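A look at the structure
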2 protein chains.
Amino acid sequence: MRRKSFGNARCPVARSLDMIGDWWTLLLVRDALRGACRFSDFQESLGLAPNILTARLRKMVEDGILETHPSPERSDRCEYHLTAKGQRLQVVLVALRQWGEDHLYQPGEAMTAMVDKIHGEPVRRLGVVSANGQALQPEEVEIRIESKVAAGPG
Amino acid sequence: MRRKSFGNARCPVARSLDMIGDWWTLLLVRDALRGACRFSDFQESLGLAPNILTARLRKMVEDGILETHPSPERSDRCEYHLTAKGQRLQVVLVALRQWGEDHLYQPGEAMTAMVDKIHGEPVRRLGVVSANGQALQPEEVEIRIESKVAAGPG
DNA sequence: CCGTATCCATTCCGATACTG
DNA sequence: CAGTATCGGAATGGATACGG
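Residues numbered from 1 in each chain as written. Chains lettered and ligands numbered in written order. Predicted model: local features only at pLDDT ≥ 70, side-chain atom pairs only at ≥ 80, totals over all residues. Heavy atoms only, no water.

Here we look at the overall build of chain A
Looking only at helices and strands, one finds six helices and four strands in chain A. Moving toward the C terminus, one meets the helices and strands of chain A in the order α-α-α-α-β-β-α-α-β-β. Each principal axis of the C-alpha distribution contributes one length, and for chain A these read about 55 × 45 × 35 Å. Out of the 154 residues belonging to chain A, those deemed buried represent 49%. Restricting the contact set of chain A to residue pairs at least 6 apart, pairs at least 24 apart contribute 33%. Per element, the accessible surface of chain A, about 8000 Å² overall, is 50% carbon and sulfur. A distance of 6 Å separates the average location of the 21 positive side-chain charges in chain A from that of its 20 negative side-chain charges. (Helix = DSSP H or I, 4+ residues; strand = E, 2+ residues; numbered from the N terminus. Buried < 20%, exposed > 50% of the residue type's maximum accessible area, 1.4 Å probe, protein only. Contact = heavy atoms within 4.5 Å. Areas by Shrake-Rupley, 256 points an atom, 1.4 Å probe, with all protein chains shown as cover. Lys, Arg positive; Asp, Glu negative; His and termini not counted. Charge placed at Lys NZ, Arg CZ, Asp CG, Glu CD.)

Okay, here's the thing in C-alpha cells:
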C-alpha cells in the first residue's frame, strides 16, 4: 500500500517532503549543484542502479526540478540541469549539511567545508531570524493561519 | 535488498539524509516543535498506523533526536520531547517550508506563515551568505576538503 | 490512552543482462 | 555512454486486533 500523499496538505513542509523527501532526490540535487549533468556523473557519484536512476531523473524532470538539454557534443544524448526551482533547494542542502556537521561526526573526524569561491571563507551558519534581524529560538516562532494567498509557483 | 547506507559517507548531507531522510521523521519533528509530545498527538496529526509510529519514535530516540520523559500526571506514560539535536532541525524545516511556499502552491491558494511570537511578523527568508554578509548564488560556493576536524556531536 | 503484534500489499532498490 | 528490462529481496506502511 502506498504511503499517504501529502501533496496537497496545507503545510508547506509536508508538500515539500512529498515531492523531494525521498532517499535520492536531494543527493541528486547536491551532485547537480556540483556540476554533474550526465547520467554517468550521477551513477558514479551515488552508485545506484541504472533503472532507479532513470526513474528518479524522470520524476525530477516531471516535477520541474531538472530539465534536459541536448548535449552540445553528441546529438543522441542529453544533459540534466537544475531549473531555478531546483537550484533553490540549495538552502535545504546547506541546512542539512550544517546539521550533519554539528551532530553526525565523531571528534577528530575529517570534515569538508562549504566556502564562497571568491574569498575561500566558509559560509555563515543558517539561522531563523525575525524581520528585524534578531535570532529566534525554536520556541519563539509559531505558525499562523494566513488569509494571504500564494503568488503561484515560480 | 536494503538501500545503501550513507551513514559514514564523507558528505554531511548524505549522513544527515541517512538519519532523517525518510518520510516521517521530519514531520514528527515539525509536530514536536509545535508542542506535540504524546503518542496520540502525533498519530492524530499524521494519521499513520500505530506500529509504524512506534518504530519511528523508537528510532528517533535511539538517534538522539527525541527523548522520553515520564508523564507528569500518569506514571505509566511517557512524553516525547526534542533534544537539542532535534530542535536544531528547525532550520531544515524552515528551509523546506520556504521552498514549498515558493514552488508548491497554486496562485490564490491560502497559505500559512511562520511568524515570531513577539511581533507577529514573518521570519526572514533563509539564504546562503558569505562570511562578510554577502548573499551567495548557487554557483558562488564550493565544497572544500578540510583538514579541519570535527569537535564531535553536541 | 498507549502502545504491541500480526498480516499483507506495495514500493523501493540492487544486481544483472541487454540494446543502440 | 545512456539507458531499458527483468528478477528478487527487503523495508515500508496500512489495517486491525489485542493487552496494560
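Examining the interface of chain B and chain A
If you look at the interface, chain B gives 88 residues, while chain A gives 88 residues. With both sides pooled, the region where chain B packs onto chain A buries about 8700 Å², and carbon together with sulfur makes up 65% of that total. Among the residues of chain B in contact with chain A, B:W23, B:W99 and B:H103 are the three that bury the most area, contributing 9% of the side total. In this structure, A:R15 engages B:E109 in a salt bridge whose closest nitrogen and oxygen atoms are separated by 2.5 Å. Run the count over chain B and chain A and you get 30 residue pairs in polar contact (both at pLDDT 80 or more). For the side of chain B that touches chain A, the elements supplying multiple residues, two or more each, are α1 (12-20), α2 (25-34), α5 (84-87), α6 (90-103), β3 (110-116) and β4 (141-149) of chain B. (Buried area = accessible area lost by both parts, 1.4 Å probe. Salt bridge = Lys/Arg side-chain N within 4 Å of Asp/Glu carboxyl O. Polar contact = N/O pair within 3.5 Å; in protein donor to acceptor, adjacent residues only side chain to side chain.)

Everything listed is a geometric property; what it means functionally is a separate question.
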